[in-house]
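Notes for the structure review
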Protein chains: 8
Amino acid sequence: ENINIDHLRHLRAGKPEAVLAEFKTKEEVVEIAKNAIEENRPILFTRLNEEQMVELDKLSLNINRKARTARYLKLHENTGKVAIFSAGSSDACVAEEAKETAEFLGLQVLKFYDVGVAGIHRLIEPLEILSEEDVDSIIVVAGMEGALPSVIAGVVDLPVIAVPTSVGYGTNLGGITTLFSMLQSCSSGVTVVNIDNGFGAAVFAYLISRRIRKKP
Amino acid sequence: ENINIDHLRHLRAGKPEAVLAEFKTKEEVVEIAKNAIEENRPILFTRLNEEQMVELDKLSLNINRKARTARYLKLHENTGKVAIFSAGSSDACVAEEAKETAEFLGLQVLKFYDVGVAGIHRLIEPLEILSEEDVDSIIVVAGMEGALPSVIAGVVDLPVIAVPTSVGYGTNLGGITTLFSMLQSCSSGVTVVNIDNGFGAAVFAYLISRRIRKKP
Amino acid sequence: ENINIDHLRHLRAGKPEAVLAEFKTKEEVVEIAKNAIEENRPILFTRLNEEQMVELDKLSLNINRKARTARYLKLHENTGKVAIFSAGSSDACVAEEAKETAEFLGLQVLKFYDVGVAGIHRLIEPLEILSEEDVDSIIVVAGMEGALPSVIAGVVDLPVIAVPTSVGYGTNLGGITTLFSMLQSCSSGVTVVNIDNGFGAAVFAYLISRRIRKKP
Amino acid sequence: ENINIDHLRHLRAGKPEAVLAEFKTKEEVVEIAKNAIEENRPILFTRLNEEQMVELDKLSLNINRKARTARYLKLHENTGKVAIFSAGSSDACVAEEAKETAEFLGLQVLKFYDVGVAGIHRLIEPLEILSEEDVDSIIVVAGMEGALPSVIAGVVDLPVIAVPTSVGYGTNLGGITTLFSMLQSCSSGVTVVNIDNGFGAAVFAYLISRRIRKKP
Amino acid sequence: ENINIDHLRHLRAGKPEAVLAEFKTKEEVVEIAKNAIEENRPILFTRLNEEQMVELDKLSLNINRKARTARYLKLHENTGKVAIFSAGSSDACVAEEAKETAEFLGLQVLKFYDVGVAGIHRLIEPLEILSEEDVDSIIVVAGMEGALPSVIAGVVDLPVIAVPTSVGYGTNLGGITTLFSMLQSCSSGVTVVNIDNGFGAAVFAYLISRRIRKKP
Amino acid sequence: ENINIDHLRHLRAGKPEAVLAEFKTKEEVVEIAKNAIEENRPILFTRLNEEQMVELDKLSLNINRKARTARYLKLHENTGKVAIFSAGSSDACVAEEAKETAEFLGLQVLKFYDVGVAGIHRLIEPLEILSEEDVDSIIVVAGMEGALPSVIAGVVDLPVIAVPTSVGYGTNLGGITTLFSMLQSCSSGVTVVNIDNGFGAAVFAYLISRRIRKKP
Amino acid sequence: ENINIDHLRHLRAGKPEAVLAEFKTKEEVVEIAKNAIEENRPILFTRLNEEQMVELDKLSLNINRKARTARYLKLHENTGKVAIFSAGSSDACVAEEAKETAEFLGLQVLKFYDVGVAGIHRLIEPLEILSEEDVDSIIVVAGMEGALPSVIAGVVDLPVIAVPTSVGYGTNLGGITTLFSMLQSCSSGVTVVNIDNGFGAAVFAYLISRRIRKKP
Amino acid sequence: ENINIDHLRHLRAGKPEAVLAEFKTKEEVVEIAKNAIEENRPILFTRLNEEQMVELDKLSLNINRKARTARYLKLHENTGKVAIFSAGSSDACVAEEAKETAEFLGLQVLKFYDVGVAGIHRLIEPLEILSEEDVDSIIVVAGMEGALPSVIAGVVDLPVIAVPTSVGYGTNLGGITTLFSMLQSCSSGVTVVNIDNGFGAAVFAYLISRRIRKKP
Ligand SMILES: Nc1ncnc2c1ncn2[C@@H]1O[C@H](COP(=O)(O)O)[C@@H](O)[C@H]1O
Ligand SMILES: Nc1ncnc2c1ncn2[C@@H]1O[C@H](COP(=O)(O)O)[C@@H](O)[C@H]1O
Ligand SMILES: Nc1ncnc2c1ncn2[C@@H]1O[C@H](COP(=O)(O)O)[C@@H](O)[C@H]1O
Ligand SMILES: Nc1ncnc2c1ncn2[C@@H]1O[C@H](COP(=O)(O)O)[C@@H](O)[C@H]1O
Ligand SMILES: [Mg+2]
Ligand SMILES: [Mg+2]
Ligand SMILES: [Mg+2]
Ligand SMILES: [Mg+2]
Ligand SMILES: [Mg+2]
Ligand SMILES: [Mg+2]
Ligand SMILES: [Mg+2]
Ligand SMILES: [Mg+2]
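The model shown is predicted, which means the values in this text are computed figures rather than measured ones. Every chain is numbered on its own, with residues counted from 1 as its sequence reads. Ligands are numbered from 1 and chains lettered from A, in the order in which they are written. Side-chain atom pairs in this predicted model are given and counted only at pLDDT of 80 or more, local residue features only at pLDDT of at least 70, and totals for whole chains, interfaces and linings cover all residues. Hydrogens and water molecules were not included; the side-chain quantities draw on all heavy atoms of the structure.

Overview of the overall build of chain A
Rules: Where helices and strands are cited, they refer to DSSP runs of H or I of at least four residues and of E of at least two residues respectively, numbered from the N terminus. Residues count as neighbours in contact if any of their non-hydrogen atoms are within 4.5 Å of one another. Only the protein chains shown count as cover for residues, with accessible areas throughout obtained via the Shrake-Rupley method and a probe of 1.4 Å.
Along the backbone of chain A there are eight helices and ten strands. Of the contacts formed within chain A by residues at least 6 apart in sequence, a portion of 70% connects residues at least 24 apart. Taken as a whole, chain A presents about 7,400 Å² of accessible surface, with 48% of it coming from carbon and sulfur.

Here's the deal with the packing of helix 7 (residues 176–183) of chain B against helix 7 (residues 176–183) of chain C
Which entries qualify depends on this criterion: Fitted lines through C-alpha atoms give the axes, limited to the stretch in contact for helices. The angle between two N-to-C directions lies from 0 to 180 degrees. Any angle between 65 and 115 degrees counts as roughly perpendicular, while under 35 counts as roughly parallel, over 145 as roughly antiparallel, and the rest as oblique.
In the contact formed by helix 7 of chain B and helix 7 of chain C, the axes pass within 13 Å of each other and the chain directions differ by 100°. It follows that helix 7 of chain B is roughly perpendicular to helix 7 of chain C by the angle criterion. The residues of helix 7 of chain C that touch helix 7 of chain B, namely those facing B:Ile176, B:Leu179, B:Phe180 and B:Leu183, are C:Ile176, C:Leu179, C:Phe180 and C:Leu183.

Examining the interface of chain E and chain C
For the record, the criterion: Two parts placed together each lose some accessible area; with a 1.4 Å probe, that loss summed over both constitutes the buried area. For the purposes of these results, a polar contact is taken to be a pair of N or O atoms within 3.5 Å, where, inside protein, one atom must be able to donate a hydrogen and its partner to accept one; residues adjacent in sequence count only when each atom of the pair is a side-chain atom.
On the side of chain C, eleven residues touch chain E, which itself brings twelve residues to the contact. Here chain E and chain C share an interface that buries about 930 Å² over both sides, 66% of which is from carbon and sulfur atoms. Applying the counting rule to chain E against chain C returns zero residue pairs in polar contact (both at pLDDT 80 or more). Elements with a minimum of two residues in the side of chain E that touches chain C: helix 1 (5–12) and helix 7 (176–183) of chain E.

Concerning the environment of D:Leu105
All names here are of chain D. For the record, the criterion: Summary of the burial criterion: residues with accessible area below 20% of their type's maximum are buried, those above 50% are exposed, and those between are partly exposed, where the area comes from a 1.4 Å probe applied to protein chains only.
Assignment of secondary structure puts Leu105 in the loop between helix 4 (92–104) and strand 7 (107–112). According to the relative accessible area criterion, Leu105 is buried, its value standing at 0%. In this structure the C-alpha to C-alpha distance between Leu105 and Val203, which are 98 residues apart in sequence, comes to 7.7 Å.

Observations regarding the site of ligand 4
The following threshold applies: Proximity is defined per residue: any heavy atom of the residue falling within 4 Å of a molecule or strand makes that residue near it. Here the term charged refers only to Asp, Glu, Lys and Arg, the term nonpolar to Ala, Val, Leu, Ile, Met, Phe, Trp, Tyr, Cys and Pro, and the term polar to all other amino acids, Gly among them.
E:Ser89, E:Ser90, E:Tyr169, F:Ser187, G:Ala18, G:Leu20, G:Lys24, G:Thr46, G:Arg47, G:Glu97, G:Asn197 and G:Phe199 make up every residue found near ligand 4. The contact in question runs from an oxygen atom of ligand 4 to an N or O atom on the side chain of G:Lys24, over 2.7 Å. About the coverage of ligand 4: the protein hides 74% of its 510 Å² of free accessible area. In the shell around ligand 4, the residues fall into four nonpolar, five polar and three charged.

Re helix 5 (residues 124–132) of chain A
Three or four residues apart is the spacing at which side chains of an α-helix point the same way, because the helix has 3.6 residues per turn. Residues and elements named next belong to chain A. Just so we agree on the cut-off: To obtain the arc, one takes the directions from the helix axis to the C-beta atoms.
All buried positions along helix 5 are accounted for by Ile124, Pro126, Leu127 and Leu130. Along the long axis of helix 5, the arc covered by the buried residues comes to 160°, so they all point the same way. Those residues of helix 5 that are exposed and angled more than 90 degrees off the buried face are Glu125 and Glu132.

Quick notes on the relation of the copies chain E and chain C
Operational definition: Here the copies are superposed with least squares, the fitted atoms being C-alpha atoms of residues at a pLDDT of at least 70 in both.
Superposing chain E onto chain C takes a rotation of 90° plus a shift of 0.0 Å along the axis, which leaves an RMSD of 0.0 Å. Here the two chains are linked by the operation of a four-fold rotation axis. When each C-alpha of chain E is compared by its distance to the rotation axis, E:Leu173 comes out closest, at 7.4 Å.

Nothing here speaks to function; it is geometry throughout.
Quick look at the structure:
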């Protein structure tokens, strides 16, 4: 009838301490970074704005402008391999956020960008490469009609994590249409994270790889 | 500064006088049918319920139970050719409504049913057949994630008319998700009609073929 | 059981390689333009912002500020004829995007702007002109209550492609109301593209004209 | 600093005591009717179901099955004149509810049914008749794209009260699309009541006529 | 079978030629104003931005900064009387737009501002004044929960035109909640115009007064 | 670093063990009731359907058909006093669910039903009675435009718990409009529970009264 | 049949006269403040922008930048005690608005910030402290999935007032998701105020405490 | 430049051929079952209605009435282990669908039902059991506020697959609120499938386990 939190602590280990910079001031972000550096603690910042990136750059963190991330050290090493597909060139920032997070968590990343279904022949080469690589899971980042995860899950037998993006206009509804469209595909081995949440997809991919590695 | 309606009448010719039976009583439907038969006027009924179909069957109209349609004669003959694709077996009723309407309007129909993108290899044979046939336009009926029109329009250079269906559950929202998803694909040569509106898609396909045939 | 992409290639030919500039930087846009010029390849840019237009102007592309487009050469010549109607003066930008795209694809364009249904008598003259011209399809751009395509499709027997615009306020919902309203009219020979998608409407109109011209 | 309700009572006079039967049992409805008859008090029932109408019929109230109303006596006599337009044959029940309410309130009713904009020439005759009649206001009942009030308000200078109906499918959203569409037209002299609310439109029309008659 | 537009013209007379400045450039607005002045034609501008107002001020039009309107002359004189209620101090701009439009159309305006239902005692005095004035209709402008029209229509027997405003936050949804809430009150003699549409409400009020005045 | 659940148990005391019958079978409900009777444990059933009520009646539980509840014994006695207002006669079932729950929890209930704002004079007498009674909180049940809580909170200084109901049509959206409308009034001392949730409102009212009684 | 407003006045006492600065100009805000100071009247400003705060600072009002509030004096003293929980660090501004309002109304405030359910162990210490303090009600401010009020109400027997915040992205919908999620928890003793409405939650908490204190 | 489908076939292997019975007739379902039995092919039916289950029972398939599934044989054996949590007793059917699918795919299933966050102490025992079992992933089925996946993912380091259910009322919106709420938690290692999609969650869990087992 007691919870001993310690009993659960080993379960919690391994999740990244990431800082969602969007709702923080420049000063708060800098202070968090300095503390981490001082204590030599790996840290990842996401959703940074231009101004925040300029400051973190001075502290010589590893900045990815496209991804709007900064990281200091890595949290883990050699934890597995993940493939990241993106549909359009405009989805690249979310894909890059996933990539940065995955690498921070020790995953090796295979990138296949700009392979959307409008020209389905572009998918063939990536899929052949994929079939020869030893990846644990696939992240698929797509906006618009969001058909890419469905198509990929139709030809591979790996877990596919779909990330809808808010890129689009008209009936896109800030990504809700893409999200809903992707959720229609769940029966074929697809799960979905929140709109633009490249970070969350990578954490999930890491948890799969971690489980594989830890399997007794 | 005057409209002479006669000037416009030749423009209006050719559109079907169809009866949307959904909001009509059994008695109203039967009466409309009897009048048409008496005057030997071609007529098409859509969205009939079971009871209405039983009555129209007695008048020996041509019933299609899957499509929930009945027709008496044809409005036109040899007006062109259209291909109708459907994604899932559950989209068949809407596809059949399109087929019945198209035939009533004198179009020849090529059917490719149950070729949804979850197993994209199923699309290959139909597309090869298609490339050897002389069709004027393509109707694509799909529910769920609605990716099929987008994929097809990516490989053909014909007008693609997409029909979202209300088949699905959860985030499907009675077809709105499929509709919105399809509208995201419009740049590649796709237009969309209302949810479950196989009738409207066929009328539009007919107008394209009619224009081709009438071209001076 | 093989796809030979070459078998499908002739199907794909003819669609424009257009650049949606909205999610691209000024630098990316300029580079794409320079490459096209160097290789003497026709190209069309849409949804340019002011800054991007200034740069493309220097490269002496053909800029249309209202349409927010730029084009270099034409992709095709003499492919057919399309009429473009717009309802209000505020819908003009979307109508112009359609016009630029249509001309890039070799279509001749008849413009009837600012003829919305609030004053239905304004429609009469355009419809009389129309009935004497040899157009293949009609693009109707409208915001607000979106009634124009429905009214036009009621008096002509050509395919009508409706483009809802996001102009309006209150219950307009960024064009969704107009879109939904237009979809209600699909039975009379109307299909719809995404909100503000003048480009997509013109590509579709081109595919109709192309089919007419290619008809064996 | 006091309200003397009596001071306001003369303002309130004249509004009908109507019974919305939808959320009441058969027994409740019958009892209300019996009381009214006993006291010789005029009464109007709306949104009756079949069962309730059968009972009220026995009490020899004036039943209108299409309108789903029943009335006993009239509340007023000779209060003015109203025109009621309806777009499709399926909008007739709502139009009839408006008619019954209007007559209960002493208005004379001109009916112009099934004159929707899909065939705009059907509007001409009604409008010419209208221009020769001395009506105080116009009620326009329409479903689907809801363009009719907008078109009528464009050619007359009377107050137009629009009633959206829930008839339609797909993107109709139970009438919300029609409602929103109609609200886009408000600038030209149109106001709107709730979906399917023929009753409310007639009460409002009555208030206009009442004001006209009472004008000192 | 002909429309003679002239037959309808006398019906159309009297509606204001108003300019919705929101989607127009400063230059366009100035030009329209200059033309009107030159031809001594009454004109009303609505939804002006700061910059546009500065320009029109130079042309010595009658500017109302709160209402964001400008007018030149009046279209009519002595057409009737309207009362305008507003609920909160923040609804004042929409109420002022209604007032300016009403005056442009020759209506005399009684203003009762900031009398929202949160403190219902504030309503008493205005209602007593109202009962002694000879007004033709009532415009009620309200945001938030939108209860004011319902309360007023409960105690007066005049047509009440409700204008929902977009003032509020959280579940206000840009005025949609207020709009829907108001539509629930339609049975008691209320009709509604689009969100923030003070202009439309005043045009409608004018049409009522015009009808009263013209009554044979 | 341990939770000892016992430390928290005294905090949890007092909340009712209520059975939401809606998603349970007749058999499950009967069994739960029999167990409670056997152990002489007070129990409350809500959202019962007709069939379930018939069965519980046989076990001689206390049935309230309007409220669709059944109770066995009371959980508490003399815990305080609550006033329950309802706007329309159709909101009575939700009001009765609140009443039954409140009484089960030992609250004395003052009922003021059918006092909606459309006729605001009906509110005066209840408010005067209220001002002489010693109530701890007020529950206000309302559908449609939901203005009643706002009006009441404007004249009393007690906590007002608003319950939106799903009664209404058209833009009512199953109660969402009423809910949103009520949330706009929160600044004046109103909080809201879920649509039709009379049960939750009464539990909350009980917690207020319980706190008053327990106050050291 | 008369309302004597005086009869109701004693009921109304005690509610704060607060100024929602969001829709007011800098000048209006300063004038209201000066009047209050002159008359030595307590006053509270909420939702101030930076500019407005700078001006009020000069008048030496008590500014809380995080809360975006300013206050002059207190309206009441020693009225009771309230606990305020917040889930994430980004919800702090809304929590601070609640705190400022509560203190203005004489409540003592216990703060437990940044204790969201993602790490449920963080909740244990606050709950133990709470169980030893004599608080009258609990305000819980949370964004995202909004689970915190539900979890807290599961272990305490005090009224819980939930405040959804608009913090989040993707499917957060400006706080609507959090709001709806919280409304699902109402059965266990939770009520909800509008999104970001810390002010309203504190007024309600004050009304509970006031009732406790006034209890005869 | 060729796809050789055979190259991809080994990738596709292992996904279940499941039959979504919802949109099929009784006859179609029986025929599919008979074919499978004849060819000794494993098969799984989901979303069966009562009538369909009666027929399949006669063919001695393995029926689970709660889950509304039927299966014949298993597709795989000993593929791994999954834990299934459910929040309320009403979510059981979806949890059972997941269980049946998982077992059909050879997974061993640990069930922890009815452990929702309203009484968080109910979670402790399951979590302690879990920490001693060798599970590959966790499926969490929940309706209402959907907080359970978030709470669980906060204390374990395994992939958590969340399944929102459509159980609830009022603001539940058929499960959309729960879905959106769950998507807010994605950063902590949660992904989501469509509403009520127990089947899809189990397929995904199987793909994770399969990858673990196949890991070279
Ligand atoms: N890009 C991102 N998208 C979603 N969540 C994130 C992202 N980056 C960090 N987070 C999460 O946001 C939380 C930080 O919230 P806070 O306590 O406000 O700093 C952590 O739990 C992170 O796991
Ligand atoms: N299946 C259908 N879907 C949509 N519209 C249809 C369908 N069948 C007929 N219609 C149209 O519905 C209208 C008939 O409406 P009504 O006047 O109510 O009979 C005609 O204009 C038809 O073109
Ligand atoms: N009318 C009602 N509305 C909302 N919740 C209720 C109602 N009646 C009972 N409940 C709650 O529903 C839960 C019962 O859920 P279950 O475990 O499925 O029986 C309990 O926590 C009750 O407090
Ligand atoms: N932060 C706030 N959120 C919601 N309502 C507020 C807030 N601050 C003040 N109010 C209310 O807003 C009203 C002021 O509106 P106004 O008459 O426009 O100044 C008063 O009734 C206040 O109780
Ligand atoms: Mg691309
Ligand atoms: Mg299939
Ligand atoms: Mg115009
Ligand atoms: Mg008709
Ligand atoms: Mg005020
Ligand atoms: Mg009543
Ligand atoms: Mg935090
Ligand atoms: Mg339970």
